[in-house]
Amino acid sequence: MLAQVFAVIIFIAMFVFIVTEIVERHVVSLVCALLTMIFVFGIGMHSMEAVIETINLKSIFAKEFWYLSEETSGSSAGINWETILFIFGMMVMVEGMARVGFFRWLCMRIARLVNYQVIPLFITFMVLSTVLAMFIDSITVILFLAAVTIELSQLLKFNPVPMILSEIFCANLGGSATMCGDPPNIIIGTSLGYSFMDFVTNTGVIAGVCLIAVLVYFYLIFRKELRAGASKSVDYGSLPSPESTITDKKGFAVSCVIFAVAIVLLVTHAQTGLTVSTIGCIVAIATLVTSWKYAILLLRKVDYKTLLFFIGLFVVIGGLEQTGILEVMAAFIGKISGGNVMVMIAIIIWLSAVASAFVDNIPFATTMIPIIKSLSAAYGVDLSMLAWTLAMGTDIGGSATPIGASANVVGIATASREGYVIKWGLYCKKMMPATVMVVLISMLLIYFRYL
Amino acid sequence: MEKQLIISVGREYGSGGHEIAEKLSGHYGIQLFDHNLLDEIAAKKNLNMEHLKGLDERRKNPLSSRTVRGFSSSPEENLLYLQFDFLRDKADSGESFVIVGRCSETILKQYDSLISIFVLGDRDKKIERVMRLYQLTESQAVRKIREKDMKRRRYHNSFCDKKWGDSRNYDISLNSSKLGIDGTVELLTDYIDRRRQCFL
């Protein structure tokens, strides 16, 4: 009982400190992890075994961590080193791609392909944002897309805010389509043993349908604003050519190959048996070896704070899991739903969406994984269906408010630094209806396909 | 060519700091940036920023904003960074100007041509001034001074390491109630002229 009380207090304190940003979130999660070790596992449970199990270092030395010869059920206990290693590898690869000018080249190339026409640009950038976010973290996607959007808006004389808002939404939507698109999906996939293709054929299909609805929605609400600038005469010659944005031609070609290999490895990892941690290591090593001159620079650019945040978070959630608190929460959801699967899905998707709109979706998803496992075991509900429901709720819900997802913050900040300050009212007016619409469509598709 | 001069004026509400800044601007024939800073940015970027004026010199709300890898969703913070960038661009261009508030003594500290001033005042004199200027009763003036100063302190301290009004943060801090507005301006111009001789 004492351990449970400690676990809950530490968990709530962690959330409060993350939300208020008094201290940086990685410091919060690491301090809370230390407190979990001392108070929950030490004073509360007197269990050294729980500490070792939560730190989970032994998993790295297991063969299954690197190579799977057959299907695995995955594990959510303790620090998910597979997630950490994979995200690290992808961060190194993305930094390598950014160094050679890949993202700016891609944006400029597409802009030229549509002849710098505002409405086609608006549509293609939304699709580009979705597709890129399927493989690359949404922060990087928005960082480059928003910057190019502003650059183009100054030349083409249109308001970049509608386009940036649409790109943000699509980046979050694209992230839901694959296992590596959004951190909650990586955690769900590695914890429950789902492959890249499992995500593509389930959340990917849902995201694809939702993308069509989103394209129509944003076109309808923003077309007048965008067209206002579309007819003005423009000097296209002042725009940089796509080729001029490449800073290192050889490095660019190598980066494209590494990116393509990463996609192939991810798509086929269920067949090849390579785990995401192995894929993360392969792309990181390939990037560092081929860009050895810049290896130190690339390693310095990796967002270690986020990786440390994950490590601390996994320990705190491990505390909740070890003390059985999450099973109590699962039982509560089961009781409210009365064992009705439709109600259960509705609760999970809307609870996830609303929570993710206001708090970081990573701790929320990490907390929910053991809960859906308990629900599945207790009520005989298909675990994968609950996993897709959780993924859609957490990934999409974040779009509703300016603070819901990292892409939103980066997009808003990039626009604001150029004078296009986006306030809560404007953001929510345009994005909340889209979020509600997409969550609703996702829920109906889940009902239709799985029940 | 005239040597660059940047004068940063921090002030307590009711101390007459703004009027002193205006007079310094007039005396040296250089541009004054205060509430008009947003208009200047809007004109430069060809944007309408009227709807953002309520956010000027306001600290961010930690509950309604989030920071990711140094990027912030706070409109207040982003507006401030926009102003910082504008002021740094002006300073980099070699232009001389007077800037009122906006953490300018901190963000422009690296420029040798910066002279940072903080103007304070006696409580009774500040109340009297606010009552006279805004046709307020004494209690209304006291409340207004308290609210404005609290807002300025919170705003400044949330973005700067050193505290608002702390004399160690400014080149010169002085009480305008002792010499009056004109006397204070006279003293300051003497100080600024002596400092400018050091620049040369």
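See the structure printed just above.
What comes next is a walk through the structure. (Residues numbered from 1 in each chain as written. Chains lettered and ligands numbered in written order. Predicted model: local features only at pLDDT ≥ 70, side-chain atom pairs only at ≥ 80, totals over all residues. Heavy atoms only, no water.)

Description of the overall build of chain B
For step 1, the next point in the chain: Scanning chain B for helices and strands turns up 7 helices and 7 strands.
For step 2, the next point in the chain: Across chain B, helices and strands are ordered from the amino to the carboxyl terminus as β-α-β-α-β-β-α-β-α-β-α-α-β-α.
For step 3, the next point in the chain: The globule rule puts the C-alpha radius of gyration for 200 residues at 16 Å, and the 17 Å found for chain B is close to it.
For step 4, the next point in the chain: When the backbone C-alpha atoms are referred to their principal axes, chain B occupies close to 50 × 45 × 30 Å.
For step 5, the next point in the chain: Contacts spanning at least 24 positions in sequence make up 68% of the contacts within chain B whose residues lie at least 6 apart.
For step 6, the next point in the chain: Element-wise, carbon and sulfur atoms account for 47% of the exposed surface of chain B, whose accessible area totals about 10,000 Å². (Helix = DSSP H or I, 4+ residues; strand = E, 2+ residues; numbered from the N terminus. Rg over C-alpha atoms; globule rule 2.2 N^0.38 Å. Contact = heavy atoms within 4.5 Å. Areas by Shrake-Rupley, 256 points an atom, 1.4 Å probe, with all protein chains shown as cover.)

Things to note about the overall build of chain A
For step 1, the next point in the chain: Of the regular secondary structure elements, chain A holds 22 helices and 0 strands.
For step 2, the next point in the chain: Rg of the C-alpha trace for chain A: 22 Å, near the compact-globule value of 22 Å for 451 residues, within the 12% margin.
For step 3, the next point in the chain: The dimensions of chain A, computed from C-alpha atoms along their principal axes, are 70 × 50 × 45 Å.
For step 4, the next point in the chain: For chain A, the share of sequence-separated contacts (at least 6 apart) that also reach a separation of at least 24 residues comes to 80%.
For step 5, the next point in the chain: Roughly 17,400 Å² of accessible area belongs to chain A as shown, and the carbon and sulfur atoms make up 69% of that amount.

Thoughts on the interface of chain B and chain A
For step 1, the next point in the chain: Listed as interface residues are 24 residues of chain B and, on the opposing side, 29 residues of chain A.
For step 2, the next point in the chain: Here chain B and chain A share an interface that buries about 2,300 Å² over both sides, 58% of which is from carbon and sulfur atoms.
For step 3, the next point in the chain: Contact with chain A buries surface across chain B, with Arg66(B), Arg69(B) and Phe71(B) losing the most and accounting together for 31% of the total.
For step 4, the next point in the chain: Counting across the chain B and chain A interface gives 4 salt bridges. (Buried area = accessible area lost by both parts, 1.4 Å probe. Salt bridge = Lys/Arg side-chain N within 4 Å of Asp/Glu carboxyl O.)

Points about the pattern of salt bridges
All names here are of chain B.
For step 1, the next point in the chain: In total, this model carries 21 salt bridges over all chains according to the counting rule given.
For step 2, the next point in the chain: Across the pair Asp-122 and Lys-178 runs a salt bridge whose closest N-O atoms are separated by 2.9 Å. Of this pair, Asp-122 sits in the loop between strand S6 (114-120) and helix H5 (123-134) while Lys-178 sits in helix H7 (residues 176-199), placing them 56 residues apart in sequence.
For step 3, the next point in the chain: Look at the salt bridges and you will find they share partners, linking Glu-19, Lys-23, Arg-129 and Asp-182 into a network.

Brief notes about the side chain of His156(B)
All names here are of chain B.
For step 1, the next point in the chain: With respect to the element layout, His-156 can be found in helix H6 (residues 138-159).
For step 2, the next point in the chain: Looking at His-156, the relative accessible area reads 3%, which means it is buried.
For step 3, the next point in the chain: A polar contact of 3.4 Å, which involves the side chain of His-156, links it to the backbone nitrogen of Trp-164.
For step 4, the next point in the chain: Not counting the four nearest positions on each side in its chain, His-156 is found in contact with Cys-103, Glu-105, Thr-106, Lys-162, Lys-163, Trp-164, Asn-169 and Tyr-170. (Buried < 20%, exposed > 50% of the residue type's maximum accessible area, 1.4 Å probe, protein only. Polar contact = N/O pair within 3.5 Å; in protein donor to acceptor, adjacent residues only side chain to side chain.)

Focus on the pairing of strand S5 (residues 97-100) of chain B
Residues and elements named next belong to chain B.
For step 1, the next point in the chain: With burial as the criterion, each face of S5 is covered, one bearing Phe-97 and Ile-99 and the other bearing Val-98 and Val-100.
For step 2, the next point in the chain: Looking at chain direction, strand S1 (residues 6-11) and S5 are connected through 4 bridges and run parallel. Its bridge partner lying in S5, Ser-8 is registered against Ile-99.
For step 3, the next point in the chain: In this sheet, S5 lies alongside strand S2 (residues 31-33) in parallel orientation, the contact comprising 3 bridges. By the bridge assignment for S5, Gln-31 is matched with Phe-97. (Pairing = 2+ DSSP bridges.)

A look at the sheet that holds S2(B)
Residue and element names in this part refer to chain B.
For step 1, the next point in the chain: Here we have 5 strands laid out as an open sheet, ordered S2-S5-S1-S6-S7, and parallel in their pairing. Whereas interior strands pair on both sides, the edge strands pair on one side only; in this sheet they are S2 and strand S7 (172-175). On average, adjacent strands in this sheet sit at an angle of 20° to one another, irrespective of strand direction.
For step 2, the next point in the chain: Strand direction decides the pairing type here: S6 and S7, joined by 4 bridges, are parallel. Each bridged residue has a counterpart across the sheet, and for Ile-117 the counterpart in S7 is Ile-172.
For step 3, the next point in the chain: On top of the sheet, helix H1 (residues 17-28) reaches S1, S2, S5 and S6; it is set at about 165° to S1, its chief contact. (Axes fitted to C-alpha atoms, helices over the stretch in contact; angles between N-to-C directions.)

Focus: the packing of aromatic side chains
Residue and element names in this part refer to chain A.
For step 1, the next point in the chain: Per the counting criterion, the structure on display carries 27 aromatic pairs over all chains.
For step 2, the next point in the chain: Judged by centre distance (6.5 Å) and plane angle (35°), the rings of Phe-88 and Tyr-304 are tilted. Separated by 216 residues along the polypeptide, Phe-88 in helix H5 (residues 81-99) and Tyr-304 in helix H16 (residues 304-322) bring together distant segments of the chain.
For step 3, the next point in the chain: For Tyr-304, a relative accessible area of 37% puts it in the partly exposed group.
For step 4, the next point in the chain: For the ring pair Phe-122 and Phe-222, a centre distance of 6.4 Å and an interplane angle of 85° mean the geometry is edge-to-face. One end of the pair, Phe-122, is in helix H7 (residues 118-133); the other, Phe-222, is in helix H11 (residues 196-227), with 100 residues separating them in the sequence.
For step 5, the next point in the chain: The buried category is assigned to Phe-222, whose relative accessible area is 1%.
For step 6, the next point in the chain: Ring pairing ties together the aromatic residues Phe-102, Phe-103, Trp-105, Phe-135, Phe-144, Phe-196, Phe-252 and Phe-259, which thus form one cluster. (Phe/Tyr/Trp six-rings, centres within 6.5 Å; stacked < 30°, edge-to-face > 60°.)

Digging into unusual backbone geometry
Note: most peptide bonds trans; most residues except glycine with negative phi.
Residues and elements named next belong to chain A.
For step 1, the next point in the chain: Even without being a glycine, Asn-115 presents a positive backbone phi close to 60°.
For step 2, the next point in the chain: Checked against the element boundaries, Asn-115 lands in the loop between helix H6 (102-113) and H7.
For step 3, the next point in the chain: We note that Lys-157 has phi near 60°; this positive angle belongs to a residue other than glycine.
For step 4, the next point in the chain: Its place among the elements puts Lys-157 in the loop between helix H8 (138-156) and helix H9 (160-177).

Regarding the side chain of Ser96(B)
Residues and elements named next belong to chain B.
For step 1, the next point in the chain: Looking at where Ser-96 falls in the secondary structure, it is placed in the loop between helix H3 (75-92) and S5.
For step 2, the next point in the chain: Only 2.8 Å separates the side chain of Ser-96 from the backbone nitrogen of Leu-5, close enough to count as a polar contact.
For step 3, the next point in the chain: When residues no more than four places from it in sequence are discounted, the contact partners of Ser-96 are Lys-3, Gln-4, Leu-5, Ile-30 and Gln-31.

Digging into helix H19 (residues 361-379) of chain A
Residues and elements named next belong to chain A.
For step 1, the next point in the chain: In this model, H19 (19 residues) spans 25 Å end to end at C-alpha, consistent with the 27 Å of a helix rising 1.5 Å per residue.
For step 2, the next point in the chain: For H19, the tally of buried residues reaches 15 of 19 residues, placing the bulk of the element in the interior.
For step 3, the next point in the chain: Its side-chain oxygen at 3.3 Å from the backbone nitrogen of Ile-362, Asp-360 defines the N-terminal cap of H19. (Expected span 1.5 Å × (residues − 1).)

Topic: the nonpolar core
For step 1, the next point in the chain: One finds Phe125(A), Leu152(A), Phe218(A) and Leu108(B) to be the most contacted residues of the largest nonpolar core, which totals 186 residues.
For step 2, the next point in the chain: Looking at this core, the element that brings in the most residues is H11(A), giving 12 residues.
For step 3, the next point in the chain: Counting residues in hydrophobic clusters, the runner-up holds 20 residues, among them Leu5(B), Ile7(B), Ala21(B) and Leu174(B). (Core = buried A, V, L, I, M, F, W, Y, C linked by side-chain atoms within 4.5 Å.)

Description of the environment of Gly398(A)
Residues and elements named next belong to chain A.
For step 1, the next point in the chain: Tracing the chain through its elements places Gly-398 in the loop between helix H20 (383-397) and helix H21 (406-416).
For step 2, the next point in the chain: A residue is classified by how much of its surface remains accessible, and Gly-398, at 0% relative accessible area, is buried.
For step 3, the next point in the chain: If near-sequence neighbours (up to four positions away) are discounted, Gly-398 is found in contact with Asn-172, Ser-356, Ala-357, Gly-404, Ala-405 and Asn-408.

Quick word on the packing of helix H17 (residues 325-337) of chain A against helix H18 (residues 341-358) of chain A
Residues and elements named next belong to chain A.
For step 1, the next point in the chain: Contact geometry for H17 and H18: axes closest at 8 Å, N-to-C directions at 125°. By the criterion of interaxial angle, the relationship of H17 to H18 is oblique. Two packed elements cross with a definite hand, and for H17 against H18 that hand is right-handed. Contacts from Ile-333, Ile-336 and Ser-337 of H17 reach H18 at Val-343, Met-344 and Ile-347.
For step 2, the next point in the chain: Of the residues assigned to the contact of H17 with H18, the class counts are 5 nonpolar, 1 polar and no charged. (Parallel < 35°, antiparallel > 145°, perpendicular 65-115°, else oblique. Left-handed = near helix turned anticlockwise from the far one by under 90°. Nonpolar A, V, L, I, M, F, W, Y, C, P; charged D, E, K, R; others polar.)

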